Amino acid sequence: MTINSLPQQAINVHPSIGTALVDAHSKETKLFRPSTMRSVTLSNRIIVSPMCMYSSENGYFNDFHVAHYASFAIKGAGMVFIEASAVEPSGRITLEDAGIWCDTHIPVLRQITTLIKSQGSVPALQIGHAGRKASVYSPFHELSGLLLKKEFGGWPDQVIGPSAIALSEDYTVPKEMTEQDMSRVTEKFIKASIRADKAGVEVLEIHSAHGYLIHSFLSGNSNQRTDQYGGSLENRMRFPLKIIQCVRDTWPQHKPLWVRISASDHKNDHGDIGGEDKDGWDINQSVIYARELNKIGVDVIDVSSGGNLAIADYSAGPLYQVPLCHYIKKEANVTTSAVGVITEPKDAEEILQKGKADYVLLAREFLRDSGWVFRAAKELHVQVQWPKQYASADRERYS
Ligand SMILES: Cc1cc2nc3c(=O)[nH]c(=O)nc-3n(C[C@H](O)[C@H](O)[C@H](O)COP(=O)(O)O)c2cc1C
């Protein structure tokens, strides 16, 4: 019998792992307050941020991914983001990126989503296109980040972007996209969202950050077009909004759609609020973008930053992106998630208590400690549901 054929009641855990067991403290904390977006309920607000594992062959997830993602669900994360998955092969950053460009990618993704659900967590997937940052060596290679040439399996001749401007000397000069290219890529995003739905993904996120294709259209630092897709902010947002609108129209209405943005290219702002980059990409343009996304039915703006300039002016210290998230939440009046060097439970709780974000995402801290949810519960004095198989560890701690 495979997990897909198990009756649902045999694998569901009640209450979900990571749920606060009602007591005075859990009512006060926000981190452990459940939240509902459309038809999806999270048992807490702690989310595993999308992280490329650069461990796929031809885009397929494998046993490593199954174990990796299940480990966070078993340990109570409210939602688990599955890494950026490319909507077409040439939209991969590296040869080892995950992909969702064909139907045969669905079954193993379904296995991951089923496992995540079986623990009471929510499976989310990020889909994206690397744009001008495609075709480089993975971080595991000694040539990490350098251009992967055609003779070694790369595809520099297929790298696309808004304009023929390379990110740096290490990258290839992308081909300026035609309207035909834009229609093709839009269609790839739509098809990827259909596959994600079939694979049991409950929350979809579109990657519009870190200098990849969508972000590179938004920013004048990478988009120098003179047609209706470049120049004014309205023009630069046209293609990104078109893709996202088409996905929203296709993605089931009862399922939430998130968009990850880079709040700024950090050209002149030292990582803070301010320091305009009107012709490039700055926080005030992000506020306008967030409002537009909200209008077309995007549920959560996931606020990250940077990635579109080879040299940017900021340092990534603890909580460094939280002020950007707070500003966008306030100014655009949207639901947001905060990410970036959030490691301490009390900080995560304070972000939510002070209304700076609605969800917190952790990336590297979950790699260090997949049981971070239990650590947070302990430090915030909240008793939470443990997996029954591990309950003895919890009882010993509280006895
Ligand atoms: C190994 C690794 C892979 C990542 N892959 C992605 C990705 O697929 N998509 C994405 O939007 N961000 C990705 N990121 C960025 C993280 O989601 C997160 O925004 C960043 O690491 C800051 O959070 P942290 O300080 O909690 O690690 C990745 C980060 C790491 C460390």
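Conventions adopted
- Residues numbered from 1 in each chain as written.
- Predicted model: local features only at pLDDT ≥ 70, side-chain atom pairs only at ≥ 80, totals over all residues.
- Heavy atoms only, no water.
- Salt bridge = Lys/Arg side-chain N within 4 Å of Asp/Glu carboxyl O.
- Buried < 20%, exposed > 50% of the residue type's maximum accessible area, 1.4 Å probe, protein only.
- Near = heavy atom within 4 Å.
- Polar contact = N/O pair within 3.5 Å; in protein donor to acceptor, adjacent residues only side chain to side chain.
- Areas by Shrake-Rupley, 256 points an atom, 1.4 Å probe, with all protein chains shown as cover.
- Nonpolar A, V, L, I, M, F, W, Y, C, P; charged D, E, K, R; others polar.
- 1 Å grid on protein atoms, 1.4 Å probe; cavity = no way out; pocket = protein on both sides within 12 Å on 5 of 7 lines; lining within 4 Å.
- Points joined across faces, edges and corners; volume = space filled by probe spheres on them.
- Helix = DSSP H or I, 4+ residues; strand = E, 2+ residues; numbered from the N terminus.
- UniProt positions renumbered as here; feature names shortened; annotations may be inferred.
- Phe/Tyr/Trp six-rings, centres within 6.5 Å; stacked < 30°, edge-to-face > 60°.
- Lys NZ or Arg CZ within 6 Å of the ring centre and 35° of its normal.
- Expected span 1.5 Å × (residues − 1).
- Contact = heavy atoms within 4.5 Å.
- pLDDT = per-residue confidence, 0-100.

Visitor: How should I be thinking about the pattern of salt bridges in this particular structure?
Guide: For side chains of opposite charge, pairing can occur when their charged atoms come near one another. All told, the structure shown has 21 salt bridges when counted by the stated rule. Residues lysine 175 and aspartate 181 are paired through a salt bridge, measuring 2.7 Å at the closest nitrogen-oxygen approach. Classification of lysine 175 as partly exposed rests on a relative accessible area of 40%. Each of Glu344, Glu365, Arg368, Arg375 and Glu379 takes part in salt bridges that share partners, so that together they form one network.

Visitor: Sorry, what's going on with the site of the ligand here?
Guide: In the vicinity of the ligand, 15 residues are found, and the nearest of them are Ser49, Pro50, Gln126, Val341 and Arg364. Separating an oxygen atom of the ligand from a side-chain N or O atom of histidine 207 is a distance of 3.1 Å. A total of 600 Å² of accessible area belongs to the ligand in isolation, and the protein chains cover 82% of it. Split by residue class, the shell around the ligand holds eight nonpolar, five polar and two charged.

Visitor: Would you explain the layout of surface pockets in this entry?
Guide: Rolled over the atoms, a probe as big as a water molecule pinpoints where empty space is left. Within this model, the largest pocket holds a volume of roughly 790 Å³. Taken together, 36 residues make up the lining of the largest pocket; nearest its centre are Pro50, His210, Arg260, Ala363 and Arg364. Counting only elements with at least two residues in the lining of the largest pocket, the list comes to β13 (359-362) and α11 (364-368). Take the lining of the largest pocket: its biggest share by element is four residues, from α11. Looking at the lining of the largest pocket, its residues break down into 20 nonpolar, 11 polar and five charged.

Visitor: Just to check I follow, could you spell out the UniProt feature "domain: NADH:flavin oxidoreductase/NADH oxidase N-terminal" (unreviewed entry) in the protein for this structure?
Guide: With numbering aligned to this structure, UniProt lists the feature "domain: NADH:flavin oxidoreductase/NADH oxidase N-terminal" (unreviewed entry) at residues 30-381. Between the C-alpha atoms that bound residues 30-381 there is a distance of 12 Å. The span itself is 33% helix and 16% strand.

Visitor: Whenever I open this one, the packing of aromatic side chains confuses me. Can you help?
Guide: Aromatic rings considered in pairs are described by the distance between their centres and by the relative angle of their planes. Inspection of every chain in the model, using the stated rule, returns nine aromatic pairs. Between the aromatic rings of tryptophan 281 and tyrosine 289, the centroid separation amounts to 5.9 Å while the plane-to-plane angle is 80°, which identifies the pairing as edge-to-face. With respect to burial, tryptophan 281 and tyrosine 289 carry one shared label: buried. Here the aromatic residues Phe72, Phe366 and Trp372 are joined through ring pairs into a cluster of three or more. It is arginine 45 that lies over the ring of tyrosine 359; its NZ or CZ is 5.8 Å from the centre. The ring centre of tryptophan 155 lies 5.1 Å from the NZ or CZ of arginine 92, which sits over that ring.

Visitor: Can you walk me through the environment of proline 323 in this structure?
Guide: Here proline 323 shows up in helix α9 (residues 322-332). Through-space distance from the C-alpha of proline 323 to that of valine 384 is 29 Å; in sequence the pair is 61 residues apart.

Visitor: Where do I start with helix α8 (residues 283-295) in this structure?
Guide: In an α-helix there are 3.6 residues to a turn, and that puts residues three or four apart on one side. In this model, α8 (13 residues) spans 18 Å end to end at C-alpha, consistent with the 18 Å of a helix rising 1.5 Å per residue. Looking at the buried residues of α8, the elements they touch are β9 (203-208), α6 (213-218), α7 (233-250), β10 (257-262), β11 (300-304) and α9. Just past α8, the residue glycine 297 takes up positive phi, approximately 100°.

Visitor: What am I meant to see in unusual backbone geometry here?
Guide: Glycine aside, negative phi is the norm for most residues, and most peptide bonds take the trans geometry. A positive phi angle is found at asparagine 58, which is not glycine, with a value near 55°. Counting through the fold element by element, asparagine 58 comes out in the loop between β3 (46-48) and α3 (63-74). At histidine 210, a residue that is not glycine, the phi angle is positive and equals roughly 60°. Within the secondary structure layout, histidine 210 lies in the loop between β9 and α6.

Visitor: Explanation requested: the confidence of the model for the protein in the structure shown.
Guide: Predicted coordinates in regions of low pLDDT should not be interpreted in detail. Taken residue by residue, the protein gives an average pLDDT of 94. The fraction at 70 or more is 94%. Across residues 1-11, confidence stays below pLDDT 50; counting only partners more than four residues off in sequence or on other chains, it has nine contacts.

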